[in-house]
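Fold and geometry: a report
So the chains spell out like this:
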Amino acid sequence: MSNEDKVAEEMAELVLDAYRYALENNMDITSREDVTKIVKIIRPEIQKNVDINVLIEGLVAFDRMTKTQKAKRRSVN
């Protein structure tokens, strides 16, 4: 696995974990403050290395994709 693949995999895991935490704790994935808090809680060891703006973009994209897939499943049923 290349370094780029490893970084992408770690970011994907962070997005999933942060998204799940935000949902469970009614936090705003578009709020820099909330996302910073989430990272401090779920991955304190990497908090200084995370680009919060990039993470927010990933969270918003994942949220949009999730809602699109949910809507597609509803229209099929």
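Our structure's up above, just so we're on the same page.
In what follows, the accompanying structure is described. (Residues numbered from 1 in each chain as written. Predicted model: local features only at pLDDT ≥ 70, side-chain atom pairs only at ≥ 80, totals over all residues. Heavy atoms only, no water.)

**Focus on the overall build of the chain**
Along its length, the chain carries three helices and zero strands. Across its three principal axes, the chain shows a C-alpha extent of roughly 45 × 35 × 15 Å. Looking at the 77 residues of the chain, the share that counts as buried comes to 25%. Residue pairs in contact within the chain that sit at least 24 positions apart in sequence constitute 54% of those at least 6 positions apart. Of the accessible surface of the chain, which amounts to about 5800 Å², a share of 50% is contributed by carbon and sulfur atoms. Of the charged side chains in the chain, 13 are positive and 14 negative; the average position of the first set lies 7 Å away from that of the second. (Helix = DSSP H or I, 4+ residues; strand = E, 2+ residues; numbered from the N terminus. Buried < 20%, exposed > 50% of the residue type's maximum accessible area, 1.4 Å probe, protein only. Contact = heavy atoms within 4.5 Å. Areas by Shrake-Rupley, 256 points an atom, 1.4 Å probe, with all protein chains shown as cover. Lys, Arg positive; Asp, Glu negative; His and termini not counted. Charge placed at Lys NZ, Arg CZ, Asp CG, Glu CD.)

**A few points about the packing of helix H1 (residues 3-24) against helix H3 (residues 52-76)**
Two measures define how a pair of helices packs: the angle their axes make with one another and the distance between the axes. At a minimum axis distance of 10 Å, the contact between H1 and H3 shows a crossing angle of 70°. Between H1 and H3, the angle falls in the class roughly perpendicular. Two packed elements cross with a definite hand, and for H1 against H3 that hand is right-handed. For the pair H1 and H3, contact is made by Met11, Leu14, Val15, Leu16, Ala18 and Tyr19 and by Val54, Leu55, Gly58, Leu59, Phe62, Asp63 and Thr66, respectively. When its residues are assigned to classes, the contact of H1 with H3 shows 10 nonpolar, two polar and one charged. (Axes fitted to C-alpha atoms, helices over the stretch in contact; angles between N-to-C directions. Parallel < 35°, antiparallel > 145°, perpendicular 65-115°, else oblique. Left-handed = near helix turned anticlockwise from the far one by under 90°. Nonpolar A, V, L, I, M, F, W, Y, C, P; charged D, E, K, R; others polar.)

**Some words on H1**
The end-to-end C-alpha distance of H1 is 32 Å, a good match for the 32 Å that 22 residues give at a rise of 1.5 Å each. Packed against the buried residues of H1 are helix H2 (32-42) and H3. A positive backbone phi angle near 50° is found at asparagine 26, which sits one or two residues after H1. (Expected span 1.5 Å × (residues − 1).)

**Examining a negative patch on the surface**
Residues Glu4, Asp5, Glu9, Glu10 and Glu13 make up a contiguous surface patch of negative charge. By the secondary structure assignment, glutamate 10 is in helix H1. (Patch = residues over 30% accessible without salt bridge, like charges linked within 9 Å, V, L, I, M, F, W, Y side chains within 5 Å. Salt bridge = Lys/Arg side-chain N within 4 Å of Asp/Glu carboxyl O.)

**Overview of the nonpolar core**
As a rule of thumb, nonpolar side chains are buried together in soluble globular proteins. Judged by nonpolar contacts, the single largest core of 15 residues is most densely connected at Val35, Val50, Ile52, Leu55 and Leu59. Of all elements in the fold, only H1, H2 and H3 reach the threshold of two or more residues within this core. Among the elements that make up this core, the one with the highest residue count is H1 (six residues). Not counting residues within four places of it along the chain, the set of residues in contact with isoleucine 52 comprises Arg32, Val35, Thr36 and Val39. (Core = buried A, V, L, I, M, F, W, Y, C linked by side-chain atoms within 4.5 Å.)

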